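Here are the chains, one letter per residue:
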Protein chains: 2
Amino acid sequence: MAQVIHSIPELQQWSRAAHKAGKTVGLVPTMGFLHDGHLSLIDAARANGADAVVISIFVNPIQFGPNEDFAKYPRDFERDRALCEARNVDVIFAPGVEDMYPEPLTCHVYENTISKNLCGKSRPIHFEGVTTVVSKLFNAALPDVAVFGQKDAQQAAIIRRMVRDLNFPIKIITAPIVREADGLAMSSRNKYLSEDEHRRALAISSSLFRAQKTFAAKPGIAAAKLIADIRAEITAAGGLVEYVELTDSDTMLPAATLEPGKSFTIAVAAKFGTTRLIDNIQLG
Amino acid sequence: MAQVIHSIPELQQWSRAAHKAGKTVGLVPTMGFLHDGHLSLIDAARANGADAVVISIFVNPIQFGPNEDFAKYPRDFERDRALCEARNVDVIFAPGVEDMYPEPLTCHVYENTISKNLCGKSRPIHFEGVTTVVSKLFNAALPDVAVFGQKDAQQAAIIRRMVRDLNFPIKIITAPIVREADGLAMSSRNKYLSEDEHRRALAISSSLFRAQKTFAAKPGIAAAKLIADIRAEITAAGGLVEYVELTDSDTMLPAATLEPGKSFTIAVAAKFGTTRLIDNIQLG
């Protein structure tokens, strides 16, 4: 039975006891409404040495802008709990907003470089909300290993940077994107899509796969050509492209050209109907 | 023999081993050039349960403004080491700038309310440098208890707030001001004062003591009167007053009036010659 913990001091106590017992603690931070992508992060924690796994389920208000979907973000704790049980999670940390923010914070953690690009342009407060809540979750769960999904590649890069800059004693694992059978990157927000929007949104993943294949066949191709093709395919499917950008895979900072021997990530954000989706693919 | 550690991973390893051995780890963060004030913090760590004490000695460049005294800040590691040995410190953590900042940080911790008042007005980047380096030191030493001096009352209030907001699993102790026999609050910067400046700078502590006595005798006195008297005494001694302010002792936020039953702190910053000094006293 997974233990459900709501209080931060109780989680800290649990983690310290686990450490004293010689265990390696893994943390999987999520906003709940779990899908196979989240569940793969639990497996990644175990594969990276965690013998006690905490999953946190918390829809974090401070990473949503005023016109974003905080209120309607999907929540289903009992469903999440059953999925966690089936995956042998040790602790489900499910704090209330009053546990995490008993008063408005005056202290925040921010990243000033990676966070300005990609999603940071349209979501100006988002990543400060993420770095702040992840710092709180790190200090609450005191993990040795924490796992983030590559679907949110910019977030993962920011967390890697935060851990390095602030010396959190935590190994960060970035786990591969898990996709629906039809290619759409799994996201709790996919639930917002109508059947028609879902079908049309496949242009995101299919255009990224096409770019990956084109690059494998012609490594000398100009990045601008790959990007223009992705943009065209998404637009043709009725998607509203927010960005398609070439970035360095490690830092997620903008890259100008596809230099040989390095790994690049093409990152996409686009809207289908009112639903904003992100995805990315690695080249090289 | 105190163990000297320069590397962050080595300190993390030491602290984890201490915890596994059932020890309570105390941290005393300093910029070195130790005086009796610092040494009292070591004793306060032990008095609050620490059976393994780390003192960090690091002159933190990112908390100094461009026209401040980073380069000339006094340093004497061998003298500090001897004082720590005599006080039975377990670990002296003395990282180089290259250990703490192998590259410029893109991630910082900031406090946006307490830090805007008092010293924050004339030292706009100071407290962000403090909260960031203290976060790094916390993650490096992984203490259970950390001790800060009441001389830097605003800093202590910001750290208490940071620990609460970000959930650092650390008990923060604020230890009383230690003074020279003549009343001057101990500070590594006292070394900058000429004999004449030192003598004149006693107006800071003597005016604060006078305010404390006046308040004890007439609890109904107006705060503005106490503050005007302190300001006048320091100015008469040739000091350049930066601020004299009434604040709430816990939050160090400005207070308008001396309400009965609450604790207030009068905080002072003033320059004698080129040396900027701070001091404070509690009322109620």
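Calculation criteria
Residues numbered from 1 in each chain as written. Chains lettered and ligands numbered in written order. Predicted model: local features only at pLDDT ≥ 70, side-chain atom pairs only at ≥ 80, totals over all residues. Heavy atoms only, no water. Pairing = 2+ DSSP bridges. Helix = DSSP H or I, 4+ residues; strand = E, 2+ residues; numbered from the N terminus. Axes fitted to C-alpha atoms, helices over the stretch in contact; angles between N-to-C directions. Phe/Tyr/Trp six-rings, centres within 6.5 Å; stacked < 30°, edge-to-face > 60°. Buried < 20%, exposed > 50% of the residue type's maximum accessible area, 1.4 Å probe, protein only. Least-squares fit on C-alpha atoms with pLDDT ≥ 70 in both. Contact = heavy atoms within 4.5 Å. Polar contact = N/O pair within 3.5 Å; in protein donor to acceptor, adjacent residues only side chain to side chain. Domains from an automatic or database assignment. Buried area = accessible area lost by both parts, 1.4 Å probe. Parallel < 35°, antiparallel > 145°, perpendicular 65-115°, else oblique. Left-handed = near helix turned anticlockwise from the far one by under 90°. Nonpolar A, V, L, I, M, F, W, Y, C, P; charged D, E, K, R; others polar. Expected span 1.5 Å × (residues − 1). Right-handed = clockwise from strand over helix to strand, strands pointing away.

Caption draft 1: Quick peek at the sheet that holds strand E2 (residues 25-30) of chain A. Residues and elements named next belong to chain A. Pairing within the open sheet is parallel, and its six strands lie in the order E1-E4-E3-E2-E6-E7. Two strands bound the open sheet, and with one partner strand each, they are strand E1 (3-5) and strand E7 (171-175). For this sheet, the mean angle separating the axes of adjacent strands, direction not counted, is 25°. In this sheet, E7 lies alongside strand E6 (residues 145-149) in parallel orientation, the contact comprising five bridges. Across the sheet, Gly 149 pairs through a bridge with Ala 175, a residue of E7.

Caption draft 2: Fine view of unusual backbone geometry. Within the chain, A:Leu142 stands out as a residue other than glycine whose phi angle is a positive 45°. Within the secondary structure, A:Leu142 is located in the loop between helix H6 (126-141) and E6.

Caption draft 3: Broad picture of the packing of aromatic side chains. Under the criterion given, the structure shown has eleven aromatic pairs over all chains. The interplanar angle of 75° and the centroid separation of 5.9 Å between the aromatic rings of B:Phe64 and B:Tyr73 together place this pair among those described as edge-to-face. Of the residues examined, B:Tyr73 reaches a relative accessible area of 7% and is grouped as buried. For the pair B:Phe138 and B:Phe148, a centre-to-centre distance of 6.4 Å together with 80° between the ring planes defines the contact as edge-to-face. Of the two residues, B:Phe138 is situated in helix H6 (residues 126-141) and B:Phe148 in strand E6 (residues 145-149); the sequence distance between them amounts to ten residues. Here the two residues B:Phe138 and B:Phe148 agree in accessibility, since each one is buried. Every member of this aromatic cluster is reached through a ring pair, and the members are A:Phe64, A:Phe70 and A:Tyr73.

Caption draft 4: Region of interest: the relation of the copies chain B and chain A. You can overlay chain B on chain A at an RMSD of 0.0 Å; the transform is a turn of 180° with a shift of 0.0 Å along its axis. As the rotation angle and translation indicate, the two copies are arranged about a two-fold axis. In terms of C-alpha distance to the rotation axis, chain B has B:Val109 as its closest residue, with the C-alpha 2.2 Å off the axis. When the interface residues of chain B are mapped onto chain A, 100% of them are again interface residues, pointing to one common binding face.

Caption draft 5: Inspection of the side chain of A:Gln63 at higher detail. Residues and elements named next belong to chain A. As for its placement among the helices and strands, Gln 63 is situated in the loop between strand E3 (52-57) and helix H3 (77-86). Reaching out from Gln 63, the side chain makes a polar contact with the side chain of Asn 60 at a distance of 2.9 Å. Gln 63 has contacts with Met 31, Glu 68, Arg 123, His 126, Gly 129, Val 130 and Val 133, leaving out every residue within four places of it along the chain.

Caption draft 6: Examining the environment of B:Gln282 more closely. Residue and element names in this part refer to chain B. Along the chain, the position of Gln 282 falls in strand E10 (residues 275-283). The exposure class of Gln 282 is partly exposed, given its relative accessible area of 38%. Taking the C-alpha atoms as reference points, Gln 282 and Ala 50, 232 residues apart in sequence, are found 27 Å from one another. Leave out the neighbours within four places in its chain, and Gln 282 touches Gln 150, Gln 212, Ser 249, Ser 263, Phe 264 and Thr 265.

Caption draft 7: Inspection of the domain arrangement of chain A at higher detail. Residues and elements named next belong to chain A. Split by domain assignment, chain A resolves into domain 1 (3-175) and domain 2 (188-279). The centre of domain 1, based on its C-alpha atoms, is set 26 Å off from the matching centre of domain 2. The interface is formed by 24 residues belonging to domain 1 together with 18 residues belonging to domain 2. Both faces considered, domain 1 and domain 2 share a buried interface measuring about 1,800 Å² in area, 53% of it formed by carbon and sulfur atoms.

Caption draft 8: Expanded view of the packing of helix H8 (residues 195-217) of chain A against helix H9 (residues 223-236) of chain A. All names here are of chain A. Packing of H8 against H9 brings their axes to within 9 Å, and their N-to-C directions diverge by 155°. One element, H8, and the other, H9, form an angle in the roughly antiparallel class. Considering only the axes of H8 and H9, their crossing is right-handed. In contact with Ala 203, Ile 204, Ser 206, Ser 207, Leu 208, Arg 210, Ala 211, Thr 214 and Phe 215 of H8, H9 contributes Leu 226, Ile 230, Glu 233 and Ile 234. A class-by-class count of the residues in the contact of H8 with H9 yields eight nonpolar, three polar and two charged.

Caption draft 9: Just helix H2 (residues 36-47) of chain B, in detail. Residues and elements named next belong to chain B. Taking 1.5 Å per residue as the helical rise, H2 with its twelve residues ought to reach 16 Å, and the 16 Å between its terminal C-alpha atoms agrees with that figure. Every buried residue of H2 is listed here: Gly 37, His 38, Leu 39, Ser 40, Leu 41, Ile 42, Ala 44 and Ala 45. Here the buried face of H2 lies against strand E2 (25-30), strand E3 (52-57), helix H3 (77-86), E6 and strand E7 (171-175). Of the residues flanking the end of H2, it is Gly 49, one or two places downstream, whose phi is positive at about 100°.

Caption draft 10: Focus on the pairing of E6(A). Residue and element names in this part refer to chain A. Among the five residues that make up E6, five are buried, leaving the element largely enclosed by the rest of the structure. Residues of E6 alternate between two faces, with Val 145, Val 147 and Gly 149 on one and Ala 146 and Phe 148 on the opposite face, all of them buried. In this sheet, E6 lies alongside E2 in parallel orientation, the contact comprising two bridges. In the sheet register, Leu 27 faces E6, and the bridge partner there is Ala 146. Handedness of the crossover joining E6 and E7 through helix H7 (residues 153-166) is recorded here as right-handed.

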